[in-house]
Amino acid sequence: MKSPFHLSKSAARTTTVAIASAAATAALTIPGLALAHGGHGHGGAVPAPPTNPTSDSQIQNIDQVKTAIKAYYGDTLTTTPDPVDASTMLHQFSADGAYAHQTERIAARAGHFLAHRAHHAKGHKHGHGRPAVVFDIDDTTLNTYSYEIYSSFVYDPASNAAFVNAGSASVFPAVPGMPALERKAIKKGYTVFFLTGRPITQLTGTEANLTDAGYTYDAADLYLKDASGATEPWLSSCAPSCTTVQYKSLTRQHIESLGYRIVANLGDQFSDLEGGFAKHTVKMPNPMYFLP
Ligand SMILES: [Mg+2]
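Residues numbered from 1 in each chain as written. Predicted model: local features only at pLDDT ≥ 70, side-chain atom pairs only at ≥ 80, totals over all residues.

1. Describing helix α2 (residues 62-73)
- The end-to-end C-alpha distance of α2 is 17 Å, a good match for the 16 Å that 12 residues give at a rise of 1.5 Å each.
- Taken from the residues just after α2, G74 is the one with a positive phi, measuring 75°. (Helix = DSSP H or I, 4+ residues; strand = E, 2+ residues; numbered from the N terminus. Expected span 1.5 Å × (residues − 1).)

Pasting the structure below:
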């Protein structure tokens, strides 16, 4: 089976950096890590249907896809009421399901990789900044399966905000393996950043949820989106309508401008991973939704 975990060379700011990045990537032979081709590999993902299908045979049946998603996550009914009006009980993924096993494998491999890189950096005098790791939040560090089931896979800002603002791991639990990966990264000397498209108005709930799910963070290293750009001047070129790729890559550029070298950028959407300013990218599984 092709590994969903892949490392890809990021588009770099300058030719010099691109060469250095390519050399560093080529020098690594970590068992179990597949190198992506081009800026972003698809990690063995099922091809998307055509934009303009000409036959139904080009499109999967939506009910069968939903059934497969539930089986992949190991759908489990809990006794936690929904945070909207407590009229239903939440569903969660199973700790022993295929999804949990897959994310644990990816996190373990990423941990080995980061440890290897930290060890490698010790033996070579690097003047490229302090090593850092960037984590996306939704479905990279916190799992939102409960919301997808609650909403029948239809995003609604109001009900989603209720889930986010619950700030609870009973609502959005940790993605399996990721708290341990964060601890390992910190232990190996990496500074951990969280970079999410959640609006800045959801800061309190986001902080509470990260803590409840077992993560640690420095408030200064937690980036939520201020769409106005008022508090994030590095977004001035695109605010107030930055695309996800613009928002995330410009923020990574800002982080590197503070003196960090982003060794790995982890996200569940390709738009988390494109746009450069990271030596390597790690794609987390998410068959539930697609964010361009
Ligand atoms: Mg995400």
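Next comes the rest of the description.
2. Some remarks on the nonpolar core
- Among the nonpolar cores identified, the biggest contains 48 residues, and A110, A132, V133 and V134 are the most heavily contacted of them.
- Only α3 (98-123), β5 (130-135), α4 (145-150), α5 (157-166), α6 (178-187), β6 (191-199) and β8 (260-267) provide two or more residues apiece to this core.
- If you tally residues by element for this core, the top one is α3, at six residues.
- Setting aside residues up to four positions removed in sequence, V134 forms contacts with F193, L195, R252, I262, N265, L266 and A278. (Core = buried A, V, L, I, M, F, W, Y, C linked by C-beta atoms within 7 Å. Buried ≥ 20, exposed ≤ 12 C-beta atoms within 10 Å, placed from the backbone. Contact = placed C-beta atoms within 7 Å.)

3. A closer look at the sheet that holds strand β7 (residues 222-225)
- In spatial order, the strands read β7-β6-β5-β8-β9; together these five strands make up an open sheet with parallel pairing. The outermost strands of the open sheet, each flanked by one partner alone, are β7 and β9 (280-283). Going across the sheet, the axis of each strand differs from the next one's by a mean of 20°, ignoring polarity.
- Here helix α8 (residues 244-257) sits on the sheet in contact with β5, β6, β7 and β8, set at roughly 150° to β8. (Pairing = 2+ DSSP bridges. Axes fitted to C-alpha atoms, helices over the stretch in contact; angles between N-to-C directions.)

4. Details of the pairing of β5
- The buried count for β5 comes to five of six residues, which makes it a mostly enclosed element.
- Where β5 and β8 come together, six bridges link them in parallel fashion. Residue A132 lies in a different strand from β8, and its bridge partner there is I262.
- As judged from the four bridges shared by β5 and β6, these two strands associate in the parallel manner. Residue pairing for β6: V133 is matched across the bridge by V192.

5. So, the confidence of the model for the protein
- Across the protein, pLDDT averages 86, with 83% of residues at or above 70.
- Per-residue pLDDT stays below 50 along residues 1-42; that stretch engages in 67 contacts with residues further than four places along the chain or on separate chains. (pLDDT = per-residue confidence, 0-100.)

6. Let's talk about helix α7 (residues 203-212)
- Taken as a whole, α7 has its buried residues at G205, T206, N209 and L210. All buried residues of α7 project into a common sector of 130° when viewed along the axis, lining one side.
- A positive phi of about 100° marks G214, the residue just after α7. (Arc of directions from axis to C-beta.)

7. Notes on the environment of S151
- Tracing the sequence through the fold places S151 in the loop between α4 and α5.
- Not counting chain neighbours up to four residues away, the residues in contact with S151 comprise D156 and S159.

8. Some remarks on the environment of A107
- Within the secondary structure layout, A107 lies in helix α3.
- Sequence separation of A107 and V282 is 175 residues, and the distance between their C-alpha atoms is 9.3 Å.
- The residues contacting A107, other than those within four sequence positions of it, are G177, M178, A180 and L181.

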